[in-house]
Amino acid sequence: MGYTIRKKNHALIFTIARPDKRNAVNNEVMDGLEKAVTEAEQNDAVKALIITGEGGEAFCSGGDLQEFHQLKTQKESYEMLSKMGGILYRVATLNKVTVAFINGTAIGGGCEIATACDYRIARKGVKMGFVQGNLAITTGWGGGTLLYERLPLNQAFRLLTEAKIHSEETLKELGFIDQTVNALSAEDMIDLFEDVFKKTGPVLSAYKKMLNRKWASGDLRDRMESEIHECSVLWEKDEHHEAVEKFLNK
Ligand SMILES: CC[C@H](C(=O)O)C(=O)SCCNC(=O)CCNC(=O)[C@H](O)C(C)(C)COP(=O)(O)OP(=O)(O)OC[C@H]1O[C@@H](n2cnc3c(N)ncnc32)[C@H](O)[C@@H]1OP(=O)(O)O
């Protein structure tokens, strides 16, 4: 299976388990993440959902370029993009604490997944980049919209338009990474949330509801939807397909 879901203390840990493909997201991983979000939502004993990747190389390398390269038209890409965009909206608005433990490289959609979480904890030395622009598309899972919620607008705009890969030090200076650790696995870094887990579930849930009310009044879901649609329009263009071909034929 391309993912695992396991419980440790008050946390549910979702791990993308495709290390041979640098934990690229395919439909199976999307379905698994949706399952984990539902389980976290329904289990009162769970106070946090942690998302991470298997192995020491990558957190997540974004959408599976092999699998999704079959999607040629705006309509075909929109179906995939809106599926994952809906799941990341659920991650972002889940009434539990959400944590991305960035155990390795995070690229493209991998950065979007991390952005959907309340906390971003990175292993020392990892690199991250919103590289979608280099593939002649934008973020397409709602991660660009969410980045504008997480960072000052000018810094978010810079990360998206430069589409560069940055060190965790740079991203920590920008405030995107909350903390860097030497931990190699989610289990090893879970103690960082000891104080959080001392709070009752209803307290943590109430704080997320405050954030969600702010986002609801700001039409977050509509803005994510517009991003997803815009990405699907760009997806169909030759420039995007040529850029993906170049990677696949490297
Ligand atoms: C809306 C989101 C959007 C979308 O869905 O399209 C995106 O996410 S766009 C961004 C898509 N992702 C990328 O452009 C990243 C592509 N991958 C890389 O840049 C590198 O693989 C990297 C930096 C993640 C890791 O580099 P490293 O040198 O450590 O590994 P390799 O490049 O040799 O890759 C090993 C192995 O994994 C396969 N691989 C890596 N990334 C993907 C991917 N995203 N989809 C499918 N397969 C991927 C790569 O082809 C190699 O496979 P192998 O069979 O061994 O040749």
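What counts, and at which threshold
Residues numbered from 1 in each chain as written. Predicted model: local features only at pLDDT ≥ 70, side-chain atom pairs only at ≥ 80, totals over all residues. Heavy atoms only, no water. Helix = DSSP H or I, 4+ residues; strand = E, 2+ residues; numbered from the N terminus. Contact = heavy atoms within 4.5 Å. Areas by Shrake-Rupley, 256 points an atom, 1.4 Å probe, with all protein chains shown as cover. Lys, Arg positive; Asp, Glu negative; His and termini not counted. Charge placed at Lys NZ, Arg CZ, Asp CG, Glu CD. Buried < 20%, exposed > 50% of the residue type's maximum accessible area, 1.4 Å probe, protein only. Pairing = 2+ DSSP bridges. Polar contact = N/O pair within 3.5 Å; in protein donor to acceptor, adjacent residues only side chain to side chain. Core = buried A, V, L, I, M, F, W, Y, C linked by side-chain atoms within 4.5 Å. Phe/Tyr/Trp six-rings, centres within 6.5 Å; stacked < 30°, edge-to-face > 60°. Axes fitted to C-alpha atoms, helices over the stretch in contact; angles between N-to-C directions.

Turning our attention to the overall build of the protein chain. Each helix and strand counted, the protein chain has 12 helices and 10 strands in total. Taking the principal axes of the C-alpha coordinates as reference, the protein chain spans close to 50 × 40 × 35 Å. Long-range contacts, defined as pairs at least 24 residues apart, comprise 75% of the intrachain contacts of the protein chain with a sequence gap of at least 6. Taken as a whole, the protein chain presents about 11,300 Å² of accessible surface, with 52% of it coming from carbon and sulfur. The distance from the centre of the 32 positive side-chain charges to the centre of the 36 negative ones in the protein chain is 5 Å.

As for its placement among the helices and strands, Lys209 is situated in helix α10 (residues 201-217). Classification of Lys209 by relative accessible area gives partly exposed; the value is 40%.

We now examine the sheet that holds strand β9 (residues 166-167). Strand order in the open sheet formed by 4 strands is β4-β6-β8-β9, and the pairing between neighbours is mixed. On the outer flanks of this sheet lie β4 (58-60) and β9, each paired with one strand and no other. Sheet topology places β4 next to strand β6 (residues 105-107); 2 bridges connect them, and they run parallel. Paired with Ala58 across the bridge in β6 is Thr105.

To continue, consider the side chain of Lys208. Within the secondary structure, Lys208 sits in helix α10. Overall, the relative accessible area of 5% leaves Lys208 in the buried class. A polar contact of 2.9 Å, which involves the side chain of Lys208, links it to the side chain of Asp118. Not counting residues up to four positions away in its chain, the partners in contact with Lys208 are Val91, Ala92, Leu94, Asn95, Lys96, Thr98 and Asp118.

This part is about the nonpolar core. Grouped together as the largest cluster of nonpolar side chains are 58 residues, with contacts concentrated most on Ile102 and Ile113. With residues up to four places along the chain from it excluded, the contact list for Ile113 reads Ile16, Val25, Ile51, Phe59, Cys60, Met84, Leu88 and Trp141. Of all hydrophobic cores here, the second largest spans 17 residues; its members include Ile50, Ala186, Phe193 and Phe197.

Moving on, we get to the pairing of strand β1 (residues 3-8). For β1 and strand β2 (residues 11-16), the ladder comprises 6 bridges, and the chain directions are antiparallel. Within β2, the position partnered with Ile5 by the bridge is Phe14. Counting the residues that bridge the hairpin from β1 to β2 gives 2 residues, and of these Asn9 lies at a positive phi of roughly 55°.

It is worth spelling out the packing of aromatic side chains at this point. Scanning the model with the defined rule gives 4 aromatic pairs in all. Measuring from centroid to centroid gives 6.5 Å for Phe193 and Phe197, while their planes differ by 35°, and the two rings are tilted. Like Phe197, Phe193 is buried. Grouped by ring-pair contacts, the aromatic residues Tyr119, Phe193 and Phe197 constitute a single cluster.

Attention shifts here to the sheet that holds β2. Taken in spatial order, the 6 strands line up as β1-β2-β3-β5-β7-β10 in an open sheet, and their pairing is mixed. Strand pairing shows two members of the sheet lacking a second neighbour, β1 and β10 (179-181), which therefore form its edges. Going across the sheet, the axis of each strand differs from the next one's by a mean of 20°, ignoring polarity.

Remember, this is a structural readout, not a statement about activity or role.
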